[in-house]
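# Coordinate analysis (summary)
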Amino acid sequence: MVLVTVRGVMVTQAYRFALDPTPGQERALWSHAGAARFAWNWGLAACRDRYDAEGKWWSGVELHRLWNQVKKTDPGLGWWGENSKCVYQEAFRDLDRALRDFVRSRKGVRRGRRLGFPRFKRRGRCRDSFRFCTGVMRCGGRTVTLPRLGTIATHESTRKLARRVENGTARILSATVSRTAHRWHVSFTVQVNRTIAEGHVRPGSAVGVDLGVKTLLTAVDDQGRVIEVAGPKALRAGLRKLRRLGKAHSRKQRGSANRAKAAGRLARHHAHVADMRADALHKATTHLAARYETVVVEDLNVTGMIANRRLARAVADQGFGAVRRMLEYKTGWNGGRLVVADRWFPSSKTCSGCGARKPSLSLSERTFRCEACGLVLGRDVNAAINLRDLAASGAERLNACGGDVRPGPAGRPPAKQEPGTAQAGKTGTAAAQATATQRADAAFAHTSGNGVQ
């Protein structure tokens, strides 16, 4: 039996519950969502007017002050008191954040794709959501209490969060209400005193994980066990129904009640597909993070893969981008670590038996055959073994950070930082290595995939 020491760490996480409002409460939810949308559009128009006149726009705090002055004098804004004041304030904060991210993206400081200038929100075309930051926010049993909305029933129990709040190990910071298809949800942003293990319950255990479009993930651990998770492929399974619902929606007259009903049916189907995908990803990643101390994955260029019209649907259906994000925080919660292989590490082209590397390997070749040693192995299993062995090689480093993502002005290159050593509970990046350092067991040549154990 392994004794593991634990420590308390304050982390910020979310608790999400599905609401079951009455007709009157649902009308209030729609009203708050419309107020948040109006505040965003009002603030954006004010910022654009000031920028045209002075070359700068209002900040979030300035917009809130301006709103407090205008709402009492403009007769067209007499309805503002029907909704919570937090709705308007948080909409201005979101707009301020969007403007700052737009500037940082243009300068090349912000990571990710380039952002455009914020746009006006249109009813029916934007996400219906609003946020509370002050007031009464609590939960208990199968209900939640929100400012101005009162006590709303939920479809599931909220006792887990309620007990944490009562014991003093959690504090609710904000509550965001949003609508997905026909369902309203509330997401509590909570500061939780979470107990995190100093070490993993199975120290020294490691697993290499290879993601694929045929199989969601293929993993090989340090004991030689092969784990295959097929994945639900929810979009592929429901594609026929999706086409039928899409055709029915397009054939309805614009603005009619039947078109609204068809849009609701289509949205519910999309939500069902997303829920099935998320459920499979959470179950698979939770199992890996709880069972293995070191989890090795690839640094996949998901954006580039989705740009390929032949692979886009299959890649999006599997949810490659979410796997790494889930493993990143789940390994930390279990006292393990996540190692991310270099993007150019040839895990599929390298023989896991002798280390020979093939010059090319097409996607249609699902079986790896080594011409040097004669190893015959499944393509995904071979890649998972190479990723597993990469953790044992010790060739890992933290991602360099601090420099600009995109090239800066001429003569001003971004600052470069030296890599360090990956620590437990943090995400590291394994550098590319030419060959695997360990030989694969001979049993892998005849191993067939089995289920998650």
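All values reported here derive from a predicted model rather than from experimental measurement.

### Observations concerning the overall build of the chain
The helix and strand inventory of the chain stands at eleven helices and 16 strands. Burial status across the chain gives 42% buried among its 453 residues. Pairs at least 24 apart in sequence give 69% of the contacts found in the chain among residues at least 6 apart. With an accessible surface of roughly 25200 Å², the chain has 49% of that area assigned to carbon and sulfur atoms.

### Section: the side chain of Asp128
Following the sequence through the fold, Asp128 ends up in the loop between helix 3 (85–107) and strand 2 (129–132). A polar side-chain atom of Asp128 sits 2.9 Å from a polar atom in the side chain of Arg179. Beyond its immediate chain neighbours, meaning those up to four positions away, Asp128 contacts Trp30, Ala33, Arg37, Val177, Ser178, Arg179 and Trp184.

### Details of the nonpolar core
Among the nonpolar cores identified, the biggest contains 43 residues, and Phe130, Phe132, Leu146, Val177, Val186, Phe188 and Val190 are the most heavily contacted of them. Considering each element in turn, this core owes the most residues, ten residues, to helix 1 (residues 23–54). Once residues lying within four places of it in the same chain are set aside, the contact partners of Val186 are Tyr15, Arg16, Phe17, Leu19, Val144, Leu146, Ala175, Thr176 and Val177. Residues Val209, Leu327, Leu338 and Val340 belong to the second largest nonpolar core, which totals 22 residues.

### Some points on the pairing of strand 6 (residues 170–180)
Relative to strand 6, strand 2 runs antiparallel, the two being bridged by four bridges. Its bridge partner being in strand 6, Phe130 is matched across the sheet by Val177. In the sheet, strand 6 pairs with strand 7 (residues 183–197) via ten bridges, with the strands oriented antiparallel. Residue pairing across strands places Ser174 opposite Thr189, the latter belonging to strand 7. Between the end of strand 6 and the start of strand 7, which pair antiparallel, lie two residues, with Ala181 showing a positive phi angle near 60°.

### Some thoughts on the packing of helix 6 (residues 239–250) against helix 7 (residues 257–291)
The interhelical angle for the contact between helix 6 and helix 7, taken along N-to-C directions, is 160°, at an axis separation of 8 Å. One way to sum up the angle between helix 6 and helix 7 is to call them roughly antiparallel. The crossing of helix 6 and helix 7 is left-handed. For the pair helix 6 and helix 7, contact is made by Lys241, Leu242, Leu245, Gly246, Ala248, His249 and Ser250 and by Arg259, Ala262, Ala263, Arg265, Leu266, His269 and His270, respectively. When its residues are assigned to classes, the contact of helix 6 with helix 7 shows six nonpolar, five polar and three charged.

### Things to note about the packing of aromatic side chains
This model, assessed by the stated rule, comprises 13 aromatic pairs. Both rings, one in Trp30 and one in Trp184, keep their centres 5.4 Å apart while their planes meet at 90°; by these two values the pair is edge-to-face. Residue Trp30 is found in helix 1, and its partner Trp184 is found in strand 7; the two are separated by 154 residues along the sequence. Classification of Trp184 by relative accessible area gives buried; the value is 2%.

### Description of the environment of Asp342
Secondary-structure assignment places Asp342 in the loop between strand 12 (337–341) and strand 13 (367–369). Judged by relative accessible area, which is 19%, Asp342 ranks as buried. A polar contact of 2.9 Å, which involves the side chain of Asp342, links it to the backbone nitrogen of Trp344.

### Here's the deal with unusual backbone geometry
At Ala181, a residue that is not glycine, the phi angle is positive and equals roughly 60°. If you trace the backbone, Ala181 turns up in the loop between strand 6 and strand 7. Phi at Lys233 takes a positive value of approximately 50°, unusual for a residue other than glycine. As for its position among the elements, Lys233 is in the loop between strand 10 (226–229) and helix 5 (234–237).

### Details of the pairing of strand 10
Each regular strand shows side chains that alternate between the opposite faces of the sheet. Pairing geometry for strand 9 (residues 217–221) and strand 10, over four bridges, is antiparallel. In the strand pairing of strand 10, Thr218 is matched with Glu228. Linking strand 9 back to strand 10 in an antiparallel pair, the connection comprises four residues, with Gly224 at a positive phi of about 90°.

### Remarks on the environment of Val9
Looking at the element boundaries, Val9 is found in strand 1 (residues 6–20). The residues contacting Val9, other than those within four sequence positions of it, are Val192, Asn193, Arg194 and Ile196.

### A few points about a positive patch on the surface
Together, Arg240, Lys241, Arg244, Lys261, Arg265 and Arg268 give the surface a local cluster of positive charge. Breaking the positive patch down by element, the ones donating at least two residues are helix 6 and helix 7. Mapped onto the elements, Arg265 comes out in helix 7.

### Observations regarding the packing of helix 1 against helix 3
Relative orientation of the contacting elements helix 1 and helix 3 amounts to 45°, with a least axis distance of 8 Å. In terms of orientation, helix 1 lies oblique with respect to helix 3. For the crossing formed where helix 1 meets helix 3, the hand is right-handed. Across from His32, Ala35, Ala36, Ala39, Trp40, Trp42, Gly43, Leu44 and Cys47 in helix 1, the residues of helix 3 making contact are Val87, Tyr88, Ala91, Phe92, Asp94, Leu95, Ala98 and Leu99. Partitioning the contact of helix 1 with helix 3 into residue classes produces 14 nonpolar, two polar and one charged.

### Describing the pattern of salt bridges
Applying the stated rule across the entire model yields 17 salt bridges. Here the salt bridges share partners, and the residues they tie into one network are Glu90, Arg93, Asp94, Arg97 and Arg131.

### With respect to the environment of Pro21
By the secondary structure assignment, Pro21 is in the loop between strand 1 and helix 1. C-alpha separation for the pair Pro21 and Arg183, spaced 162 residues apart in sequence, amounts to 9.7 Å. Not counting residues within four places of it along the chain, the set of residues in contact with Pro21 comprises Glu26, Leu29, Ile152 and Ala153.

About the thresholds
Residues numbered from 1 in each chain as written. Predicted model: local features only at pLDDT ≥ 70, side-chain atom pairs only at ≥ 80, totals over all residues. Heavy atoms only, no water. Helix = DSSP H or I, 4+ residues; strand = E, 2+ residues; numbered from the N terminus. Buried < 20%, exposed > 50% of the residue type's maximum accessible area, 1.4 Å probe, protein only. Contact = heavy atoms within 4.5 Å. Areas by Shrake-Rupley, 256 points an atom, 1.4 Å probe, with all protein chains shown as cover. Polar contact = N/O pair within 3.5 Å; in protein donor to acceptor, adjacent residues only side chain to side chain. Core = buried A, V, L, I, M, F, W, Y, C linked by side-chain atoms within 4.5 Å. Pairing = 2+ DSSP bridges. Axes fitted to C-alpha atoms, helices over the stretch in contact; angles between N-to-C directions. Parallel < 35°, antiparallel > 145°, perpendicular 65-115°, else oblique. Left-handed = near helix turned anticlockwise from the far one by under 90°. Nonpolar A, V, L, I, M, F, W, Y, C, P; charged D, E, K, R; others polar. Phe/Tyr/Trp six-rings, centres within 6.5 Å; stacked < 30°, edge-to-face > 60°. Patch = residues over 30% accessible without salt bridge, like charges linked within 9 Å, V, L, I, M, F, W, Y side chains within 5 Å. Salt bridge = Lys/Arg side-chain N within 4 Å of Asp/Glu carboxyl O. Lys, Arg positive; Asp, Glu negative; His and termini not counted. Charge placed at Lys NZ, Arg CZ, Asp CG, Glu CD.

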